[in-house]
Amino acid sequence: MPRGMLRLLLLVLCPVGALWSPPPLFAQQAASYDVTSNWAGYVANNAYYTGVSALFQAPTPYTLQRLGVTASWVGIGGAESNDLLQAGLAVVQEGPFFGYEAWYETLPTASRHVAMSIGPGDWVFVDLHELAFDLWQVTVVDGSQVFQRRIRYASSHSTAEWILEEPALADGRLLPLGVVTGANFANMSAIANGQHAIPTQLYPRPSVLAGPFGKIKAAPTEIGPDGSSFSVATS
């Protein structure tokens, strides 16, 4: 899968809170799941996708790390193709401090910063949808802060994603995955074959992020009873 090329930018520095025992990684009960080097979450295919959205809760680091980066995003394409339109937020930790950045990206172009002040635990709404063929609107909302932009992008429309990622630099090197709590997704939806749908109507495949020797570093919970929410635990 293509790796996002996230540009690091610390905005509002916050101290890491008191350390506590991490929650256990979810033991995926699905009959099958995909194992990737930098994605954990859900990927829907088998349709023509023209929109995807979700609420993300800004996660909080809970261990001291020299450097840790975690990105939560929604996207169109990328799982089965080289194109990927995505938007979301990232938390960047450096030692005892961390900060947030909202961004959007159109591979192979590097990510673009969204001017927005995000705090720990904020619920951030992100929406991508096609207004006309290959004309997309990107929307990011945090409380009264609203970012909206129209962009041209040639998409395969092949998949819709709700993902927590271990980002990479422009040269493909993965950054250290942040150990976070509160990486929650809610109000997930997509536009599949022209119809609005929630993930459970699309039968998305779960993905887990595995490091060297197959160790699971991030895994999603099952989709909730509402059909449109889940969480990701990292370690």
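This one's a predicted model, so the numbers in the text were calculated from it and none came from an experiment. (Residues numbered from 1 in each chain as written. Predicted model: local features only at pLDDT ≥ 70, side-chain atom pairs only at ≥ 80, totals over all residues. Heavy atoms only, no water.)

### Examining the overall build of the protein chain
Now for step 1: When helices and strands are tallied, the protein chain shows zero helices and 19 strands.
Now for step 2: Residue burial in the protein chain is summarised as follows: out of 235 residues, 57% are buried.
Now for step 3: In the protein chain, 71% of the contacts between residues at least 6 apart in sequence involve partners at least 24 apart.
Now for step 4: Looking at the protein chain as shown, the accessible area adds up to about 9,900 Å², and 56% of this sits on carbon and sulfur atoms. (Helix = DSSP H or I, 4+ residues; strand = E, 2+ residues; numbered from the N terminus. Buried < 20%, exposed > 50% of the residue type's maximum accessible area, 1.4 Å probe, protein only. Contact = heavy atoms within 4.5 Å. Areas by Shrake-Rupley, 256 points an atom, 1.4 Å probe, with all protein chains shown as cover.)

### Let's talk about the confidence of the model for the protein chain
Now for step 1: When pLDDT is averaged along the protein chain, the result is 87, and 87% of the positions lie at 70 or above.
Now for step 2: When the criterion is pLDDT under 50, residues 1-12 qualifies, and its contacts beyond four places in sequence or with other chains add up to 60 contacts. (pLDDT = per-residue confidence, 0-100.)

### Here's the deal with the pairing of strand S15 (residues 183-192)
Now for step 1: Counting buried residues along S15, seven of its 10 residues qualify, which places the element largely inside the surrounding structure.
Now for step 2: Across six bridges, the pairing between strand S4 (residues 49-57) and S15 is antiparallel. When the bridges of S15 are listed, Phe-56 appears paired with Phe-185.
Now for step 3: Bridge analysis of S15 against strand S19 (residues 230-234) gives three bridges, and the strand direction is antiparallel. Of the residues in S19, the one forming a bridge with Asn-184 is Ser-231.
Now for step 4: The pairing of S15 with strand S16 (residues 195-197) spans three bridges and is classified as antiparallel. The partner of Ala-192 across the bridge, within S16, is Gln-195. (Pairing = 2+ DSSP bridges.)

### Considering the side chain of Gln-57
Now for step 1: With respect to the helices and strands, Gln-57 occurs in strand S4.
Now for step 2: Classification of Gln-57 by relative accessible area gives buried; the value is 19%.
Now for step 3: Separated by 3.4 Å, the side chain of Gln-57 and the backbone oxygen of Gly-121 make a polar contact.
Now for step 4: Here the side chain of Gln-57 touches Asn-184 through a polar contact of 2.6 Å, side chain to side chain. (Polar contact = N/O pair within 3.5 Å; in protein donor to acceptor, adjacent residues only side chain to side chain.)

### Let's talk about the packing of aromatic side chains
Now for step 1: Evaluation of the coordinates by the stated rule reveals six aromatic pairs.
Now for step 2: Relative to Phe-230, the ring of Tyr-42 lies with its centre 5.0 Å away and its plane at 75°, an arrangement referred to as edge-to-face. With a gap of 188 residues between them, Tyr-42 in strand S3 (residues 39-44) and Phe-230 in strand S19 connect regions that are remote in the sequence. In terms of burial, Tyr-42 and Phe-230 fall into one category: buried.
Now for step 3: Their ring planes at 10° and their centres at 4.4 Å tell us that Phe-185 and Phe-230 sit as a pair that is stacked. Of this pair, Phe-185 sits in strand S15 while Phe-230 sits in strand S19, placing them 45 residues apart in sequence. Like Phe-230, Phe-185 is buried.
Now for step 4: Every member of this aromatic cluster is reached through a ring pair, and the members are Tyr-42, Phe-56, Phe-185 and Phe-230. (Phe/Tyr/Trp six-rings, centres within 6.5 Å; stacked < 30°, edge-to-face > 60°.)

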